[in-house]
Every structure is written in structure tokens, then in C-alpha cells.
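Listed below are the residues making up each chain.
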Amino acid sequence: MVSQVGINNASEKAFSTFKQPQNGWFLPAQTDNKDKKSYKIPITIGTAALITGFGILALLKGPKGTNKYLAKLKTILEGKLEKGGKFQSFYKKSLDAINSFYQKSSSINNINSLKDVLFQKLMFGKKFTKNIHQGITRFFNNISRNTVNASYAKTQRKFAKLNEYMAEINAEILTKDSNKADIVKKIRQEITEMNSAFEIGFGQNARNARLEKIEHETDELFSYFWGKSFGDIRRNFKSKDMYQTFIAEERMLPFKNAMADDVSKLKETLTKELKDSLAKYKEILPEWKYKLVEKKANKLLKSLDKSIETETSSYIDKARDLKLGSAPTDIISILGTVGTVGWFLGKSKDKEERISSSLKYGIPAIGAIATSLLCTAKLVAGGKSIAIGLVSGWVMSKLGTVVDNTRKKYKLDVSIENRTIVKPQPDNV
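Just so it is clear, the model here is predicted, and its values are computed rather than measured. (Residues numbered from 1 in each chain as written. Predicted model: local features only at pLDDT ≥ 70, side-chain atom pairs only at ≥ 80, totals over all residues. Heavy atoms only, no water.)

Q: Tell me about the overall build of the protein, and name the residues and values.
A: Of the regular secondary structure elements, the protein holds 16 helices and zero strands. Burial statistics for the protein: of 429 residues in total, 37% are counted as buried. Pairs at least 24 residues apart make up 81% of the contacts formed inside the protein by residues separated by at least 6 positions. (Helix = DSSP H or I, 4+ residues; strand = E, 2+ residues; numbered from the N terminus. Buried < 20%, exposed > 50% of the residue type's maximum accessible area, 1.4 Å probe, protein only. Contact = heavy atoms within 4.5 Å.)

Q: Can you lay out helix α15 (residues 351–377) for me, pointing to particular residues and giving the numbers?
A: The α-helix advances 3.6 residues per turn, and as a result positions three or four apart in sequence lie on the same side. Taking 1.5 Å per residue, 27 residues should reach 39 Å; α15 reaches 36 Å between its end C-alpha atoms and fits that length. Along its length, α15 shows its largest kink, about 50°, at S358. Sitting at the amino-terminal end of α15 is D350, which places a side-chain oxygen 3.3 Å from the backbone nitrogen of E352. Of the residues flanking the end of α15, it is L379, one or two places downstream, whose phi is positive at about 70°. (Expected span 1.5 Å × (residues − 1). Bend = angle between axes of the 7 residues up to and from the residue. Polar contact = N/O pair within 3.5 Å; in protein donor to acceptor, adjacent residues only side chain to side chain.)

Q: Requested: an account of the nonpolar core, with residues and values cited.
A: Membership of the largest hydrophobic core comes to 48 residues, with the highest contact counts inside it found for L270, L274, Y281 and L285. Listed by contribution, the elements that provide at least two residues to this core are α5 (109–123), α6 (127–176), α7 (181–202), α9 (221–228), α12 (247–284) and α13 (287–323). For this core, the element with the highest residue contribution is α12, accounting for eleven residues. Dropping the residues within four chain positions of it, Y281 is found in contact with M166, I169, N170, I173, I187, I191, Y290 and V293. Ranked by size, the runner-up nonpolar core spans five residues in total, among them F140, I143, A327 and A377. (Core = buried A, V, L, I, M, F, W, Y, C linked by side-chain atoms within 4.5 Å.)

Q: Describe in detail the pattern of salt bridges, supporting the description with residues and values.
A: Here the idea is simple: oppositely charged side chains can pair when their charged atoms come close. Across all of its chains, the model carries 20 salt bridges by this definition. Between E311 and R145 there is a salt bridge; the shortest N-O distance is 3.9 Å. Of this pair, E311 sits in helix α13 while R145 sits in helix α6; the two residues are 166 residues apart in sequence, bridging distant segments of the chain. Comparing E311 with R145, the two get one shared label, buried. For K323, the salt bridge is made with E215, and the minimal N-O distance between the two is 3.6 Å. Note that K323 is positioned in helix α13 and E215 in helix α8 (residues 204–218), a separation of 108 residues in sequence. Look at K323 and you get partly exposed, because its relative accessible area is 27%. Taking relative accessible area as the criterion, E215 reaches 28% and is therefore assigned partly exposed. Connected through salt bridges with shared partners, the residues K256, D317, R320 and D321 form a single ionic network. (Salt bridge = Lys/Arg side-chain N within 4 Å of Asp/Glu carboxyl O.)

If you want it as C-alpha cells, here you go:
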């Protein structure tokens with residue numbers, strides 16, 4: 001008979017550490033408060049970084065976007081006044097109200113300029129920091145200038161396609177009806193003059209000449225603004241200019257308007273030649289064929305208008321701000337975001353959480369701010385640049401999540417492969 005003592009002792013020993021569930025139910029293990037706090041950190045990193053970055057950016061930029069919309073509304077109302085009509089009194093009062101509000105709201109931008117010139121003055125105190133400041137400014141200016149050139153390159157491609165299409169039409173007309181040779185000859189002459197007008201007004205040499213004028217006009221802008229502000233603090237900060245006008249804009253406005261007028265005249269010459277050609281096509285082409293030519297011509301003119309606005313408005317404003325030192329202070333928003341991310345990563349419970357948080361929230365937050373700044377340098381409007389930045393941050397967050405999950409899976413797979421398999425030992429007989 002087999003003894004039961006050994007079996008009973010083994011059973012008691014095996015289950016000695018097993019505890020009876022309270023009230024017949026197993027209670028879940030209590031989560032440490034530290035784990036709860038660390039779980040919240042990854043989400044907090046992204047939120048805090050975005051708030052910090054875009055908050056600083058908003059403070060540094062001011063209401064420039066609003067002023068641009070007001071400027072467009074002013075132009076519309078001025079056009080209405082020129083046309084005349086029974087609503088002249090209403091248009092006049094509206095324009096006066098907008099002018100008053102525009103001037104006073106524009107003066108808020110003086111705060112940004114004050115901050116920019118003060119920081120530039122500080123950075124220019126040492127050769128090393130001066131070189132950094134100038135390098136950042138040069139980098140942003142190159143991006144802005146490339147945007148102008150890219151816009152004109154796009155317009156030039158549309159212009160080349162229109163030329164090719166018109167050449168095909170001319171050849172087709174001569175093939176079908178040689179009696180229209182004189183009309184085609186005149187059209188070809190107008191196309192030649194149109195090409196010449198485009199090169200004279202908007203070719204690379206013409207744009208470089210205007211760039212030199214912009215550089216020359218903004219050369220003394222820093223000294224001018226400094227003289228109107230910190231040059232005599234007691235007098236200048238009591239003056240109406242500081243609180244009723246945007247000093248730097250007022251200084252650049254005559255030059256800006258003059259350049260816009262010059263470029264508009266160049267465009268008018270090109271447009272006249274194009275419209276003369278279209279008028280002749282309308283007489284000799286079927287309506288459907290003429291509509292195709294007209295559509296391509298309108299697309300060209302629309303593209304040209306956009307390029308002109310980019311160069312003579314958006315870029316001049318950017319050149320003005322860059323001369324006052326806006327680019328290095330914009331970088332502060334990125335530094336603020338990096339600092340916020342770094343601080344919260346330091347609160348992570350371990351290295352694993354730090355890596356995951358960086359990939360999914362930290363890097364995307366920094367990327368969102370950087371993208372927004374890049375869009376601003378590319379002369380994209382403020383609201384649109386922020387929207388693009390947020391979308392890019394969301395995309396980077398999704399990609400970061402994929403990378404993090406792949407990383408964890410690979411780490412787990414390698415860990416399993418490297419485990420040593422322990423073979424069971426045979427029982428001793």
C-alpha cells in the first residue's frame with residue numbers, strides 16, 4: 001500500500017501560497033499611481049508642445065493676416081467708389097471706417113517689430129551671434145525668394161503651352177484655308193510681341209532687377225525703425241505713429257505701390273497683345289475651338305496675377321520683416337517646442353516610454369511647428385500655414401506610431417529567438 005503522507009504534504013506545499021478570493025471573486029491588482037501618471041505623459045507631451053509652439057508663434061506673428069484681408073476689402077471698396085453709383089455714401093463711410101481701424105490695428109505689429117529689432121541688436125553685439133542671426137535670415141530669405149521664382153516658373157510653363165497650342169492652331173488654319181494667311185501672320189506677330197513683353201517684364205533678368213531694388217529699399221529699414229523707436233524712447237513711445245500706424249509698413253508703402261504700378265503696366269502690355277490675338281481667333285475659329293484657346297489664355301493670366309502678387313506684395317512684406325530680424329525670433333517657437341518636449345520626456349518612467357513618446361508625440365509636435373514656419377517662409381498665409389502644420393504633425397504622429405509598433409514587435413521577436421531552450425532532464429531511476 002502506497003503511503004498518503006508524501007502526497008498530502010506535496011499538495012499542501014503546492015497550494016500553500018494560493019489565497020482564497022474575497023467574497024468568491026478575484027480582485028484585480030491595484031495599479032500604482034505612478035503608472036497612471038506615466039501613462040498620461042505621452043499624450044501630454046504632444047498637447048503641451050503644440051500649445052507652446054503655436055502659442056509662441058501666434059504671439060510673435062501678430063494680426064498680419066487680418067490686415068491683409070482688410071487691405072483687400074479696401075481695394076474692393078475703392079474700386080466701387082471709382083465706378084460711382086447710388087451707394088457712394090455707404091462705400092465712403094465704410095472705407096473711412098476700415099482705414100481708421102486698419103491703421104490702428106496695424107500699429108499692433110509695431111510690438112513684433114520692437115521685439116525683432118531688440119533681439120537683432122542683442123545678437124549683433126558679438127560677431128559669433130551676428131553670424132548666426134544673419135545665417136538664419138539668409139536661409140529664410142532664400143526660401144521666400146525661391147517661392148517667387150517657382151511661381152513665375154509655373155506661369156512660364158503655362159505660357160509655353162499656350163504658345164505651342166496657338167502655333168498648332170495657326171498651322172491648322174493655314175492648312176484648311178490659305179486665304180487667312182494675312183490674319184495668321186498678324187497673330188504670329190502679336191505672339192512674338194507677347195513673348196517679348198513677358199521676357200522684358202517677368203523674365204529672370206527683370207525679376208533680378210526688381211530684387212535689387214527691394215534690397216536697396218530695405219537696407220536702411222532697421223536703422224529707420226530703430227530711430228523711430230528705441231532711438232529716443234521717451235519721445236517715440238508717446239508719438240501717434242507708434243499707436244496709429246505700422247511704422248515699417250508706412251515706410252515701405254510708397255515703394256511697394258510704385259513697384260506694383262510698374263509691374264501692372266508691364267502686364268497690361270502683355271495682356272493687350274494676347275487679347276488682340278484672341279479677338280482675331282474669335283472671328284475665324286469655330287466657337288468651341290475659340291473657347292479652348294480663351295480658357296488657356298485666362299489660366300495664364302490668372303497664374304501671372306498670382307505670381308505678381310507673390311512678388312510685389314507677399315515677398316516685399318517678408319523682405320521688410322526679415323530686415324527687422326523676424327526670422328531668428330520665429331526660431332524661438334521651435335526652441336520652445338523642443339524644450340517642452342524634452343521636459344516632459346524627462347518625466348517618463350523609463351527609456352522605453354521615452355522612445356515611444358518621442359516617436360508618437362514629441363517629434364510630430366516639433367515637425368508641426370517646423371512645417372508651419374517653413375510654410376510662412378514660402379509666403380503661405382498665416383492661417384493656412386498653421387493648418388498645414390497641424391495636418392503634417394498628425395501624419396507624422398501616425399507614421400511614428402507605425403514605427404514604434406514595428407520596433408516593439410522586432411524587439412519582441414529577437415528576444416524570443418534568443419531564448420535558450422532548456423531540455424527536460426530524465427528522472428533518476
